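# What the coordinates show
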Amino acid sequence: MALIEELDQQGNFLFRWRSYIPGFILLLCLYSLSKFEFLEDSYEINLYYAAACFVVSLLGLAVRCFVIGYAPARTSGRNTKEQVADLVNQEGIYSLVRHPLYLGNFLMYLGPVLYFRDVPLLLVFSLFFGFYYERIMFAEEKFLRDKFGQDYLNWADKIPAFIPKFSGYVKPKLSFSFRNILKREYPSLFGILVIFVLFDYAASFKIGFGDWKEPWAVITEPQIWAFGIGAAFYTIVRVIVKTTKWLAVEGR
């Protein structure tokens, strides 16, 4: 098999399994827990640092939301079985970068990785992400090139793949849809919250707050509030999505 077909095959395989990437990254991070200590030996200071890392993840989610808010139907989807595209989206953030959703994913995953302040972990994560998503992007671009031909090539010649340019923005024709964001991205926000709560709890349990080692003894008020609010938000939106059409938007 020629290399181009092999890379395409690998990319399509990884594309179908990309939803499980956070699980692998989570395992990598938990491995770093064995040598973790609170920043300046203070839970309160470490909590501020965790909040800063959480903001990094929210920035990634914001990139994804910017994409989804303007995305027409059958583009920028969560499909996993096969590539789907009815057009080459060249407006909005796609006028600045070809793969904005994966840029958003990188920042979302980067937040939890930064929490551990572990340079080798950061390097492993970056290499893994680059290897994994390079092949997915290759497969997607081959699909788009085969389907749309010169129209795709003309756009790709002007737009960088992953690191966005900051000029030449093209305003989308579609209006921004907050309902479309809620419908498609509510699991991402809850997932980020769960990961940070889990890491904060795991770090507290490992360090133990002195001599306490019982699981319930290291649960903190910020963990309870963050998880409780996140779970309530997730449950409400999921019920709305599954039982009503309130978040359905025509043409999205």
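Residues numbered from 1 in each chain as written. Predicted model: local features only at pLDDT ≥ 70, side-chain atom pairs only at ≥ 80, totals over all residues. Heavy atoms only, no water.

As annotated in an unreviewed UniProt entry, the chain is Lipid A Kdo2 1-phosphate O-methyltransferase from Leptospira dzoumogneensis. Of the chain, the UniProt comment under Subcellular location (unreviewed entry) reads exactly: "Endomembrane system". (UniProt positions renumbered as here; feature names shortened; annotations may be inferred.)

## Points about the UniProt feature "transmembrane region" (unreviewed entry) in the chain
Taking the UniProt record as the reference, the feature "transmembrane region" (unreviewed entry) is found at residues 17-34, 46-71, 114-133, 186-204 and 224-241. The annotated region residues 46-71 carries 96% helix and 0% strand content, and the separation between its end C-alpha atoms amounts to 38 Å. Spanning residues 224-241, this segment combines 100% helix with 0% strand, and its end C-alpha atoms are found 25 Å apart. (Helix = DSSP H or I, 4+ residues; strand = E, 2+ residues; numbered from the N terminus.)

## Section: unusual backbone geometry
Within the chain, Glu40 stands out as a residue other than glycine whose phi angle is a positive 55°. With respect to the secondary-structure elements, Glu40 resides in the loop between helix H2 (21-31) and helix H3 (43-70). On the basis of relative accessibility, which here comes to 64%, the residue Glu40 falls in the exposed class. The residue Arg117 is not glycine, and still its phi comes out positive at about 50°. Looking at where Arg117 falls in the secondary structure, it is placed in the loop between helix H4 (100-115) and helix H5 (119-148). (Buried < 20%, exposed > 50% of the residue type's maximum accessible area, 1.4 Å probe, protein only.)

## Some details on the nonpolar core
The biggest cluster of nonpolar side chains holds 52 residues, and the ones touching the most others in it are Ile25, Tyr109, Tyr115, Phe116, Phe125 and Tyr133. Listed by contribution, the elements that provide at least two residues to this core are helix H1 (3-16), H2, H3, H4, H5, helix H6 (150-158) and helix H7 (178-207). Broken down by element, this core gets its largest block of residues, 10 residues, from H5. (Core = buried A, V, L, I, M, F, W, Y, C linked by side-chain atoms within 4.5 Å.)

## A closer look at the packing of H4 against H7
The angle between the axes and the distance between the axes are what describe a pair of packed helices. Between H4 and H7, the least distance of the axes is 11 Å, while the angle of their chain directions is 5°. Put simply, H4 runs roughly parallel to H7. Across the interface between the two elements, Met108, Gly111, Pro112 and Tyr115 of H4 pack against Ser188, Ile192, Ile195, Phe196, Phe199, Asp200 and Ala203 of H7. (Axes fitted to C-alpha atoms, helices over the stretch in contact; angles between N-to-C directions. Parallel < 35°, antiparallel > 145°, perpendicular 65-115°, else oblique. Contact = heavy atoms within 4.5 Å.)

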